[in-house]
Amino acid sequence: MNDDEPFLLTERLALWRPRASDRAELFAMVAPPEVRRFLGDRPTSEADEFARLIRNAGSWALYGYGTFICRDRTDGRLVALCGLFHSWRGFGKGLDDAIEAGWIVAQPDWGKGIAGEAMRAAIAWFDAAIGPRRIACMIEEGNDASLALAARLGFVRYAVEDMGEERPLILLERLPEGAAS
C-alpha cells in the first residue's frame, strides 16, 4: 500500500491509515468538550491523543486492520476517525481480544452521514479482505445518534457495562450472516 494515497475512497471521503502527521489534527478534532461528551466526558491531552494514534497504527501493524483517518475529498481536512480495530478493554463481556468498531466525527460535520459512509466502506473492505467476523462496539448510554447508526450498520445490543460514575456503556455486536450469538 502506498502511504501517499488513501486506502479507500467513498463519495465524499478519503480513508487513510493513520500517519504521525495526523497527530495535531486528531487532537484538535477531539479537543472540544462536545466531541468528548460520549468519550468518557473527560478532558484529553496531546499525550492522550498521541496514544490513541499509536493504538490505531498498532492495530494496523499487528492485525492488518484498524481505524481510518477520514478526510474530506474536496479540501483534505480531517472530518472523522472511523473503522475497525483490535481492542482489549479489560472488562471482558466480549470486548477483550476483539474486533471493535468505533467512530468519532468532528463537530462541524455532525449530522452529515460521515460516520455511516466511512463505516459502511470500512466494514465492506474488512469483510472482503479479512472475512466476515463478529464485530463489537460500545456506546455510552444517551448517545442516540451513535446508537441509531450502530443499528443501521447491523449491530444489536447484547449487554450493558456499568462504569460506576460514568454513563453505562451499551455493548453491541454485529455477527456474520448465519452466525448465532
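Residues numbered from 1 in each chain as written. Predicted model: local features only at pLDDT ≥ 70, side-chain atom pairs only at ≥ 80, totals over all residues. Heavy atoms only, no water.

(A) Highlighting the overall build of the chain. Scanning the chain from terminus to terminus reveals five helices and eight strands. Along its sequence from the N terminus, the chain presents helices and strands in the succession β-β-α-α-α-β-β-β-α-β-α-β-β. In terms of overall dimensions, the chain is globule-like: its C-alpha atoms have a radius of gyration of 15 Å, near the 16 Å expected for 181 residues. The C-alpha extent of the chain, read off along each of the three principal axes, is 40 × 35 × 30 Å. Taken across its 181 residues, the chain has 46% of its residues classed as buried. Sequence separation of 24 or more characterises 59% of the internal contacts of the chain that already satisfy a separation of 6 or more. A total of about 9,300 Å² of accessible surface is found on the chain, and carbon and sulfur atoms cover 52% of it. (Helix = DSSP H or I, 4+ residues; strand = E, 2+ residues; numbered from the N terminus. Rg over C-alpha atoms; globule rule 2.2 N^0.38 Å. Buried < 20%, exposed > 50% of the residue type's maximum accessible area, 1.4 Å probe, protein only. Contact = heavy atoms within 4.5 Å. Areas by Shrake-Rupley, 256 points an atom, 1.4 Å probe, with all protein chains shown as cover.)

(B) Helix 5 (residues 144–152), seen in detail. Every buried residue belonging to helix 5 is among Ser146, Leu149 and Ala150, and all of these are buried. Buried positions in helix 5, seen along its axis, are confined to an arc of 100 degrees and lie on one side of it. With respect to the buried face of helix 5, the exposed residues turned more than 90 degrees away are Asp144 and Arg152. Contact partners of the buried residues in helix 5: strand 5 (96–105), helix 4 (114–129), strand 6 (135–140) and strand 8 (169–174). Once helix 5 finishes, Gly154 follows within two positions and takes phi at roughly 95 degrees, a positive value. (Arc of directions from axis to C-beta.)

(C) Highlighting the packing of aromatic side chains. Inspection of every chain in the model, using the stated rule, returns eight aromatic pairs. Centroid distance Trp60 to Trp125: 5.7 Å. Interplanar angle 45 degrees. Geometry classified as tilted. With a gap of 65 residues between them, Trp60 in helix 3 (residues 46–63) and Trp125 in helix 4 connect regions that are remote in the sequence. Here the aromatic rings of Tyr63 and Tyr65 are separated by 6.1 Å at their centres, their planes lie at 45 degrees, and the arrangement is tilted. Judged by relative accessible area, which is 5%, Tyr65 ranks as buried. Through a chain of ring-to-ring contacts, three or more aromatic side chains come together here, namely Phe7, Trp60, Phe68 and Trp125. The ring of Trp16 has Arg19 sitting right over it, with the charged end atom 4.1 Å from the ring centre. Cation over ring: Arg134 sits above Tyr158, and NZ or CZ is 5.2 Å from the ring centre. (Phe/Tyr/Trp six-rings, centres within 6.5 Å; stacked < 30°, edge-to-face > 60°. Lys NZ or Arg CZ within 6 Å of the ring centre and 35° of its normal.)

(D) A look at the side chain of Asn143. Along the chain, Asn143 falls in the loop between strand 6 and helix 5. At 3.2 Å, the side chain of Asn143 forms a polar contact with the backbone nitrogen of Ser146. (Polar contact = N/O pair within 3.5 Å; in protein donor to acceptor, adjacent residues only side chain to side chain.)

(E) View of the pattern of salt bridges. One pass over the full model with this rule turns up 13 salt bridges. As a salt-bridge pair, Arg23 and Glu46 come within 2.8 Å of each other at their nearest N and O atoms. Of this pair, Arg23 sits in helix 1 (residues 23–30) while Glu46 sits in helix 3; the two residues are 23 residues apart in sequence, bridging distant segments of the chain. Looking at Arg23, the relative accessible area reads 30%, which means it is partly exposed. The exposure class assigned to Glu46 is partly exposed, which follows from its relative accessible area of 45%. Across the pair Arg167 and Glu140 runs a salt bridge whose closest N-O atoms are separated by 2.9 Å. With Arg167 in the loop between strand 7 (156–161) and strand 8 and Glu140 in strand 6, the pair connects residues that are 27 residues apart, well separated along the chain. By relative accessible area, which is 29% here, Arg167 ends up partly exposed. We classify Glu140 as buried; its relative accessible area is 5%. What emerges from the salt-bridge pattern is a single network uniting Asp75, Arg77, Asp109 and Lys112. (Salt bridge = Lys/Arg side-chain N within 4 Å of Asp/Glu carboxyl O.)

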